[in-house]
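Coordinate analysis (summary)
Okay, here's what each chain looks like letter by letter:
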Amino acid sequence: MEKKLHTFFQSRLLDKYVLDETSASESLKVEHYIETYPEVESEYLRLQNNLEILAKANAVEAPKFILDNILNDIKEEETPVIKMETSHRKTPWYSIAASIVALFFAGASFMMYEQNQELLQENQVVVDEIFDLRSDIAINNKKLDDVMRQFMKLNNPETEKYVLRGNARAKNLKTVAYINAVEKTSMIDVVSLPHLEKGEFVEVYAQIEDKFVSLGILDPSDKKMQTLPYMENALGLSLRIRSKTDKEANASDDELIAEIELKAKNN
């Protein structure tokens, strides 16, 4: 809509309409814009007001004796009617001057309107950039806070490090688990995962006595440290390739691609 209004104002049709210099079709177009768009109506009223001010400023009051003569002529019934010949008089110079001044004011007003619109747009861009910058700073601060928390956990003397390497089925697999039995936290760093077919995924299991409990699915696209649920009395961790068609309660040895025993103090 802003582009449409900009094109309309640049056409100068509104200025011509105020000065009564538009064709019938142009007048219809201008009147449509005045009725439809408040910006055009406001500019039209402003131009009308300027033209009225100029007209009053250049108006010349007729001498009083002219009015008296006209009244006397009306009273005299026998005064012959004189047929006036039509004369082709030129437009007074002050009318031309008023038109030029009105056009000048209209052009200046339109330029000021355009500059004001540009300033408003620039201000909005600055506001948006500041908002985006604040949002980026908040996101980066949160990321930094998460990294610092993970760093503190990894460097905690109570945190044990376990490297899980893939078997023959997943030779390029490598993940590192970090378990802190004191703070009861568990994390895993996915270094690399094996190639997975469509519908397959890698799931983490904790061995508790003779049962295997799922701790969640590893996200191959997530390269940062992933948090796992901490399992009390876990004897070991294992990674298995599963598919959407497998029953969730079962975990067969055919799916096993990596496993490791946990130290006794985590039992």
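Residues numbered from 1 in each chain as written. Predicted model: local features only at pLDDT ≥ 70, side-chain atom pairs only at ≥ 80, totals over all residues. Heavy atoms only, no water.

1. As for the pairing of strand E7 (residues 236-243)
For a regular strand, side-chain orientation follows a simple rule: the groups alternate between the two sheet faces. The buried fraction of E7 amounts to 8 of the 8 residues, a majority that puts the element mostly inside the structure. Going residue by residue along E7, you find Gly236, Ser238, Arg240 and Arg242 tucked away on one face and Leu237, Leu239, Ile241 and Ser243 tucked away on the opposite face as well. The pairing of strand E4 (residues 200-208) with E7 spans 8 bridges and is antiparallel. When the bridges of E7 are listed, Phe201 appears paired with Arg242. As defined by bridge partners, E7 adjoins strand E8 (residues 256-261) across 5 bridges and the pair is classed as antiparallel. Along E8, the bridge assignment pairs Leu239 with Ala258. (Buried < 20%, exposed > 50% of the residue type's maximum accessible area, 1.4 Å probe, protein only. Helix = DSSP H or I, 4+ residues; strand = E, 2+ residues; numbered from the N terminus. Pairing = 2+ DSSP bridges.)

2. So, the pattern of salt bridges
Within the structure shown, the criterion is met by 6 salt bridges. For Glu43, the salt bridge goes to Arg46, with nearest N and O atoms at 2.6 Å. One end of the pair, Glu43, and the other, Arg46, are both in helix H4 (residues 38-58), 3 residues apart, so they sit about a helical turn from each other. You can call Glu43 buried: its relative accessible area is 11%. Judged by its relative accessible area of 28%, Arg46 is partly exposed. Where Arg242 meets Glu203, a salt bridge forms, and the shortest distance between an N and an O atom there is 3.6 Å. Remark: Glu203 occurs in strand E4 and Arg242 occurs in strand E7; sequence separation between them is 39 residues. Glu203 carries the same exposure label as Arg242, and that label is buried. Among the charged side chains, a network of salt bridges with common partners joins Glu203, Arg242 and Glu255. (Salt bridge = Lys/Arg side-chain N within 4 Å of Asp/Glu carboxyl O.)

3. Details of the sheet that holds E4
To summarise the sheet geometry, strands pair through backbone hydrogen bonds and adopt either a parallel or an antiparallel arrangement. Spatial ordering of the open sheet is given by E5-E4-E7-E8, a layout of 4 strands whose pairing is antiparallel. Where the open sheet ends on each side, the last strands, each with one partner, are strand E5 (211-217) and E8. This sheet shows a mean twist of 30° between the axes of neighbouring strands, independent of strand direction. (Axes fitted to C-alpha atoms, helices over the stretch in contact; angles between N-to-C directions.)

4. Let's talk about unusual backbone geometry
A positive phi angle is found at Glu209, which is not glycine, with a value near 55°. Assignment of secondary structure puts Glu209 in the loop between E4 and E5. Taking the relative accessible area as the measure of exposure, Glu209 reaches 63% and is therefore exposed. Of note in the backbone geometry, Asn233 takes a positive phi value of approximately 65° without being a glycine. Mapping Asn233 onto the fold places it in the loop between strand E6 (226-228) and E7.

5. Some remarks on helix H3 (residues 24-36)
Helix length check: H3, at 13 residues, gives a terminal C-alpha distance of 18 Å against a target of 18 Å (1.5 Å per residue), a fit within 8%. Along H3, the residues that are buried comprise Ser27, Val30, Tyr33 and Ile34. Taken around the axis of H3, the buried residues stretch over an arc of 125°, which confines them to a single face. Along H3, the residues that are exposed and aim more than 90 degrees away from the buried face are Ala24, Ser25, Leu28 and Glu35. (Expected span 1.5 Å × (residues − 1). Arc of directions from axis to C-beta.)

6. Concerning the environment of Glu200
You can see Glu200 is positioned in strand E4. Each C-alpha atom, one on Glu200 and one on Thr245, is 9.1 Å from the other, the two residues being 45 residues apart in sequence. With near-sequence residues (within four places) excluded, Glu200 lies in contact with Ile241, Arg242 and Ser243. (Contact = heavy atoms within 4.5 Å.)

By themselves, these are just geometric observations and shouldn't be taken as functional.
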